[in-house]
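# Descriptive structure summary
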Amino acid sequence: MNRTSQTKAIVLSLKEIGENNFNVTLLTQFQGIIYATLYGGPKSKLKSLVSQWNSGIIYLYHNPEKNQTKISDFDVKNYHQTFSSSLFKLYAASLAAEIAIKTKCAGSNEECWKLVSGFLDGLDLSNEEQGQVGLVRFLWRYLDLLGIRPDATYCGRCGKSFLTNAQNQTEAQNLPESKNQIESLQETYYNSVDNIFICQNCAGQEEPFFPLSKDAITYLAAISVLTPAEVRKLHIDKNAYMQIKNIAFFLTENSIESKLNSIETGTGIL
């Protein structure tokens, strides 16, 4: 059995154990969430490399007799330095990490890695406004990975398409990948009991729902059918952003069946 290995990894957190040693939580490309021990004092070069949010190639040593994994080296590719100077970025990154840990990468390690690493790299290069919209895109894509994202292209009751270039469910699911053809015809509602979007005609007055503007439902549909590069070019106003954020936060916490510490402590920041 090979005791040494290397993998792409992101340092999600460090917890001190004993004197100068740390238990490190890593998100890895193929193994998902793993825990490894970092040995070394505060002057250790390795300790300075294995810092929260750093990402790159990590080198591990596995000791099966002690059932222990030790970090032996770390080739850092991205330090995500802007996180330390922005409370929003710090909390947004913490939320992504908390979701990955609590959902165990949604059972899809490689796809989780792509979403989280891509989000953190983009967040590092964004201003706060761009980061806010990037966060809801990340959450909406992660909900798809969890298998609980409702379809934002048609009414879950009558099957009517919400979009201008599709008249029924079948056409809505085969939309051309062009942002010019993604436009909502009407305001819609999210029904939290059935986890569906419904049109105005199907929305009962006594039902629990979140209202969504045309811009909000259009943006959610665009995330589903357009490429990430195309979606980044789209603009949403503050009202649509807040509607999407509320639904994304609700669905994410609902899927985990517990409150997320990052959302609770980051109230007013996220």
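All values reported here derive from a predicted model rather than from experimental measurement.

With that out of the way, let us pick up the overall build of the protein. Secondary structure assignment for the protein yields 9 helices and 8 strands. Of the roughly 13,500 Å² that the protein leaves accessible, carbon and sulfur atoms contribute 46%.

The next subject is the pairing of strand E3 (residues 32–38). The buried count for E3 comes to 6 of 7 residues, which makes it a mostly enclosed element. Relative to E3, strand E2 (residues 21–28) runs antiparallel, the two being bridged by 7 bridges. The partner of Thr-25 across the bridge, within E3, is Tyr-35.

What follows deals with helix H3 (residues 109–125). A rise of 1.5 Å per residue sets the reference length of H3, with its 17 residues, at 24 Å; its end C-alpha atoms lie 24 Å apart and thus fit the reference within 8%. For H3, the complete set of buried residues consists of Cys-112, Trp-113, Val-116, Ser-117, Phe-119, Leu-120, Leu-123 and Asp-124. Buried residues in H3, looked at end-on, bunch into an arc of 160 degrees, giving them a common side. Of the surrounding secondary structure, the elements contacted by the buried residues of H3 are strand E1 (4–17), E2, strand E5 (68–78), helix H2 (87–102) and helix H4 (128–146).

Next up on the list: the environment of Lys-104. Tracing the sequence through the fold places Lys-104 in the loop between H2 and H3. On the basis of relative accessible area, Lys-104 is assigned to the exposed category, the value being 69%. For the pair Lys-104 and Leu-27, spaced 77 residues apart in the sequence, the C-alpha separation amounts to 9.9 Å.

What counts and how
Residues numbered from 1 in each chain as written. Predicted model: local features only at pLDDT ≥ 70, side-chain atom pairs only at ≥ 80, totals over all residues. Heavy atoms only, no water. Helix = DSSP H or I, 4+ residues; strand = E, 2+ residues; numbered from the N terminus. Areas by Shrake-Rupley, 256 points an atom, 1.4 Å probe, with all protein chains shown as cover. Buried < 20%, exposed > 50% of the residue type's maximum accessible area, 1.4 Å probe, protein only. Pairing = 2+ DSSP bridges. Expected span 1.5 Å × (residues − 1). Arc of directions from axis to C-beta. Contact = heavy atoms within 4.5 Å.

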